[in-house]
Amino acid sequence: MEKIIFIETGTGIDVHGQNVTKACLRAVENAIHYNSMPGIKQYLPEQDLYNMKVNVRLAVPMDKEQVDIELVKKEIPYGTVTVDVIDGGMATSSGIVLEDKEDKNDLMYIVNAAVEVGY
């Protein structure tokens, strides 16, 4: 990315089921759904949203290999998207195992996201 224009951050949690992709999707949604970039087009090549580049960095506590990168990319509506999964986030006890929620254990996964927007 040549120029970063905007960085959005968010947190996503999967309390039951230990689904790291679900926590990642929630983190990206949290990052992008509370912001508006009304002037973004004027900074992009040809003033086209599809010329935007978006780098998504996800800090996950465990099961990095289980993150569905293609599903995460679909959360971003415009531009060329890259996803980088790094160590981070948190796995902590939810205090209860709920078999009907597909819990394998009592852990909840907390993921942090940074979404860089530019060109």
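Residues numbered from 1 in each chain as written. Predicted model: local features only at pLDDT ≥ 70, side-chain atom pairs only at ≥ 80, totals over all residues. Heavy atoms only, no water.

- Naming follows an unreviewed UniProt entry, where the protein appears as Lin0512 family protein of Gracilibacillus caseinilyticus.

**A short note on the overall build of the protein**
- Within the protein, the regular secondary structure consists of two helices and five strands.
- Listing each helix as α and each strand as β along the protein from the N terminus yields β-α-β-α-β-β-β.
- Relative to its 119 residues, the protein shows a buried fraction of 34%.
- In the form shown here, the protein has an accessible surface area of approximately 6900 Å², with 48% of it arising from carbon and sulfur atoms.
- Computed over 11 positive and 19 negative side-chain charges, the inter-centroid distance for the protein is 5 Å. (Helix = DSSP H or I, 4+ residues; strand = E, 2+ residues; numbered from the N terminus. Buried < 20%, exposed > 50% of the residue type's maximum accessible area, 1.4 Å probe, protein only. Areas by Shrake-Rupley, 256 points an atom, 1.4 Å probe, with all protein chains shown as cover. Lys, Arg positive; Asp, Glu negative; His and termini not counted. Charge placed at Lys NZ, Arg CZ, Asp CG, Glu CD.)

**Considering the environment of Y78**
- Checked against the element boundaries, Y78 lands in the loop between α2 (69-73) and β3 (80-87).
- A residue is classified by how much of its surface remains accessible, and Y78, at 32% relative accessible area, is partly exposed.

**Observations concerning the packing of aromatic side chains**
- Following the criterion strictly, the structure yields one aromatic pair and no others.
- With centroids separated by 5.4 Å and ring planes inclined at 75°, the aromatic side chains of Y50 and Y78 adopt a geometry described as edge-to-face. Of this pair, Y50 sits in the loop between α1 (20-32) and β2 (53-60) while Y78 sits in the loop between α2 and β3, and the two are 28 residues apart along the sequence.
- A relative accessible area of 53% means that Y50 is categorised as exposed. (Phe/Tyr/Trp six-rings, centres within 6.5 Å; stacked < 30°, edge-to-face > 60°.)

**Here we look at the side chain of E8**
- Turning to its location among the elements, E8 is positioned in strand β1 (residues 4-14).
- The side chain of E8 is buried and forms no salt bridge, while R57, the nearest opposite charge, is found at 13 Å.
- For E8, the contacting residues outside a window of four places in its chain are A31, I32, N35, M37, A113, A114, V115 and V117. (Salt bridge = Lys/Arg side-chain N within 4 Å of Asp/Glu carboxyl O. Contact = heavy atoms within 4.5 Å.)

**As for the pattern of salt bridges**
- Inspection of every chain in the model, using the stated rule, returns five salt bridges.
- One salt bridge in this structure joins K64 and D87, with 3.3 Å as the shortest N-O distance. Placement of the pair is K64 in the loop between β2 and α2 and D87 in strand β3, with a sequence separation of 23 residues.
- Residue classification places K64 among the partly exposed residues on the basis of a relative accessible area of 33%.
- D87 sits in the exposed class, given a relative accessible area of 60%.
- If you follow the salt bridges from partner to partner, you end up with R57, D84 and E116 in one network.

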